[in-house]
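# Structural overview
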Amino acid sequence: MINVGLVDDHAIVRSGLKQFLADFVDIRLVGEASNGREAIDLVRNESIDVLVMDLSMPGQSGIDALTMLRAKEPDMGILILSGYPAEHYAINLIRQGVNGYLNKECDPSEIVEAIRTISLGKRYLTPMVANLLAQQLGRKDDAPPHEHLSEREFQVFLKLAQGETASNVAEQLSLSVKTVSTYRTRLMEKMTLSSNSDLTYYALKNGLIS
């Protein structure tokens, strides 16, 4: 039996997936959450083999929760099920330790296949994601600037691009304002940008925020 946790801020999405997964005798949904903070509590309280998680959620996003989830359950599988196309986030997130990335427009049967694959301790890579990884290996130097950011820099970048203040980012990520400012300086240098409005324009242009 594969114990699955489901994290999405839309109740209708959770309900639909819950109903769909109920048809498979080897999969058991053991809990739900609507944001990253609730996901951490869910993982703390339940034994989960595969966590199916959205990225964009109010409060603490899926990206924000990844580090803590990995720290609490390093062997747990994490499948990202997002509305964002794979080319926008998949490489960064796989680098950060997720086991698979699917777009919400995928065939529902692919979600089941991914859950089963990940429960065996493997990665589930769609042909598109596998191709993106192959391209990454061949062109590291000319990869998009955001793909050169560390996990924390990427988190801070997305929040600043969405208009969050340094103090808000610090509170949400449990960092000091000074540390957030340091990350901001580093990521600005890496991306050769000079202002928060530049970050927002870059993120919108590259489909990282909407």
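The structure we're discussing is the one just above.
Presented here is a report on the structure given in the accompanying data block. (Residues numbered from 1 in each chain as written. Predicted model: local features only at pLDDT ≥ 70, side-chain atom pairs only at ≥ 80, totals over all residues. Heavy atoms only, no water.)

## A look at the pattern of salt bridges
- One pass over the full model with this rule turns up 8 salt bridges.
- Note that Lys-190 is salt-bridged to Glu-153, the shortest N-O span being 2.8 Å. With a gap of 37 residues between them, Lys-190 in helix 9 (residues 177–191) and Glu-153 in helix 7 (residues 151–161) connect regions that are remote in the sequence.
- Judged by relative accessible area, which is 3%, Glu-153 ranks as buried.
- Counted as one network, the salt bridges with shared partners bring together Asp-8, Asp-54 and Lys-104. (Salt bridge = Lys/Arg side-chain N within 4 Å of Asp/Glu carboxyl O. Helix = DSSP H or I, 4+ residues; strand = E, 2+ residues; numbered from the N terminus. Buried < 20%, exposed > 50% of the residue type's maximum accessible area, 1.4 Å probe, protein only.)

## Some words on the packing of aromatic side chains
- If you walk through the whole model with that rule in mind, you get 5 aromatic pairs.
- Both rings, one in Phe-154 and one in Phe-157, keep their centres 6.1 Å apart while their planes meet at 40 degrees; by these two values the pair is tilted. Linking Phe-154 with Phe-157, this pair stays in helix 7, spanning 3 residues, or about one helical turn.
- For Phe-154, a relative accessible area of 0% puts it in the buried group.
- Residue class for Phe-157 comes out buried when judged on its relative accessible area of 0%.
- Through pairs of rings, three or more aromatic residues link up here, namely Tyr-84, Tyr-89, Phe-154, Phe-157 and Tyr-202. (Phe/Tyr/Trp six-rings, centres within 6.5 Å; stacked < 30°, edge-to-face > 60°.)

## Focus: the sheet that holds strand 1 (residues 2–7)
- Pairing within the open sheet is parallel, and its 5 strands lie in the order 2-1-3-4-5. Each having just a single partner strand, strand 2 (27–33) and strand 5 (100–103) make up the two edges of the open sheet. When strand polarity is set aside, the average angle formed by the axes of neighbouring strands in this sheet is 20 degrees.
- With respect to the sheet, helix 3 (residues 62–72) is in contact with strand 3 (50–53) and strand 4 (77–82), its orientation differing from that of strand 3 by roughly 165 degrees.
- The strands touched by helix 5 (residues 108–119) within the sheet are strand 1, strand 2, strand 3, strand 4 and strand 5, with strand 4 carrying the most contacts at an inclination of about 160 degrees. (Pairing = 2+ DSSP bridges. Axes fitted to C-alpha atoms, helices over the stretch in contact; angles between N-to-C directions. Contact = heavy atoms within 4.5 Å.)

## Considerations on the side chain of His-146
- In this fold, His-146 is placed in the loop between helix 6 (127–138) and helix 7.
- Beyond its immediate sequence surroundings of up to four residues, His-146 is in contact with His-88, Asn-92, Phe-154, Phe-157, Met-191, Tyr-202 and Leu-208.

## Some remarks on helix 8 (residues 166–173)
- Turning to helix 8, its buried residues are Val-169, Ala-170 and Leu-173. What you see down the axis of helix 8 is that its buried residues fit within an arc of 100 degrees, all on one side.
- Count one or two residues on from helix 8 and you reach Ser-174, which has phi positive near 55 degrees. (Arc of directions from axis to C-beta.)

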